[in-house]
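# Survey of secondary and tertiary structure
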Amino acid sequence: MTISTLAAAYLFFGGVGAGTLFFAVLAGRKGVTSSTVPLASTQPSCSMVSRISTRGMAVGLVMLAIGVICLVFDLGRPNLALLLFVNPTWSFMTVGAYLLVALMLLSGLLLAITACGCEYRFGVALMVLRAMTLVCAVGVMAYTGLLLRDLRPIALWTSLWLPVLFVASSLAGGASLILLASGIVDELPVIAGAMLEKFARLDLVLVLVEVLTCALFFWQVTATPLGAQGVEALLVGRWSALFWGGFVLCGLAMPGLLDVFSLVRREKMQPATALVAALCSVAGCFCLRMVLVLAGTHVMA
């Protein structure tokens, strides 16, 4: 498989789409727990949770679909993508392809049920469906990190911390897309304020996890000469501007500082602040994948 910028786009849309679905399903579970009867859906808070879940799943599905399109174009021929299912082999790409299809089918079914507002009719079956969707979402997020390892034996891509970093990044991007898609800023001030405060806490935790995982990733990769060469390309080499400006500054520093500023002042995060943090986080997710693909390809060349 030829590694190109389309591969980075596939990793972004697939991973962040799965992260979006992960939080959308969790939000839907909370909504069902809070409203086990149809009359509860008339309450503003339950209505908002249901809308967050529905819109989040819709956005997540669109992200996954775009990711699949990027993969097909990157392969060059659609029949190569079909071979993953017609003539499967034991590889991360094949397993990931099946996980991706399963996630799209399961989340599509959940979206249909949620959009109809009849979750309370399915009971245990719905709980099982949600659990299966969550497992597939985590699998797809991790798979986007393992895929690079499967493509080329490049030191920068073989670290066991890379899938962990991609999962943390996908969760951060997914939480941000949930916020952007939910329209939460238009809700009642009390409801929106509580949700934005939760977003600030969650986003800060995910940023810290990304920082720690990135440090461990660099520590492991630099143990080999070729790995150190790849890290050098990221930190001070050709792709350093994209790494420091796109991932570190935009994807980590800006959202983290805005979260800390909001929490330290003990004031509810303002909608505009939350939207800026969310946009920066999503942009940082894309820059991380792009810079890792570019730096790895540079070392390979």
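Please refer to the structure higher up on the page.
Residues numbered from 1 in each chain as written. Predicted model: local features only at pLDDT ≥ 70, side-chain atom pairs only at ≥ 80, totals over all residues. Heavy atoms only, no water.

## With respect to the nonpolar core
With 73 residues, the main nonpolar core has Tyr10, Leu103, Leu148, Leu156 and Leu292 as its most contacted residues. The element that contributes the greatest number of residues to this core is helix H1 (residues 5-34), accounting for 14 residues. Here Leu103 is in contact with Ala18, Leu21, Leu64, Thr133, Cys136, Ala137 and Val140, once residues within four sequence places are set aside. Of all hydrophobic cores here, the second largest spans 6 residues; its members include Leu196, Phe199, Ala277 and Ala278. (Core = buried A, V, L, I, M, F, W, Y, C linked by side-chain atoms within 4.5 Å. Buried < 20%, exposed > 50% of the residue type's maximum accessible area, 1.4 Å probe, protein only. Helix = DSSP H or I, 4+ residues; strand = E, 2+ residues; numbered from the N terminus. Contact = heavy atoms within 4.5 Å.)

## Quick look at the environment of Ala295
Topologically, Ala295 is positioned in helix H10 (residues 271-300). Linking Ala295 and Trp157, residues 138 residues apart in sequence, is a C-alpha distance of 9.9 Å. Beyond its immediate sequence surroundings of up to four residues, Ala295 is in contact with Leu156, Gly230, Ala233, Leu234 and Trp239.

## Describing the packing of helix H4 (residues 92-116) against helix H5 (residues 124-151)
Across the interface, H4 lies against H5 with an axial gap of 8 Å and an inter-helix angle of 150°. The angle between the axes of H4 and H5 places the two elements in the roughly antiparallel class. Judged by the sense of rotation from one axis to the other, the crossing of H4 with H5 is left-handed. Residues belonging to the contact of H4 with H5 are distributed by class as follows: 21 nonpolar, 5 polar and 3 charged. (Axes fitted to C-alpha atoms, helices over the stretch in contact; angles between N-to-C directions. Parallel < 35°, antiparallel > 145°, perpendicular 65-115°, else oblique. Left-handed = near helix turned anticlockwise from the far one by under 90°. Nonpolar A, V, L, I, M, F, W, Y, C, P; charged D, E, K, R; others polar.)

## Some words on the environment of Ala278
Topologically, Ala278 is positioned in helix H10. Residue classification places Ala278 among the buried residues on the basis of a relative accessible area of 0%. The spatial distance from the C-alpha of Ala278 to the C-alpha of Ala172 is 8.6 Å, given a sequence separation of 106 residues. In this view, Ala278 contacts Ser176, Leu179, Leu180 and Phe199; residues no more than four positions away in its chain are not counted.

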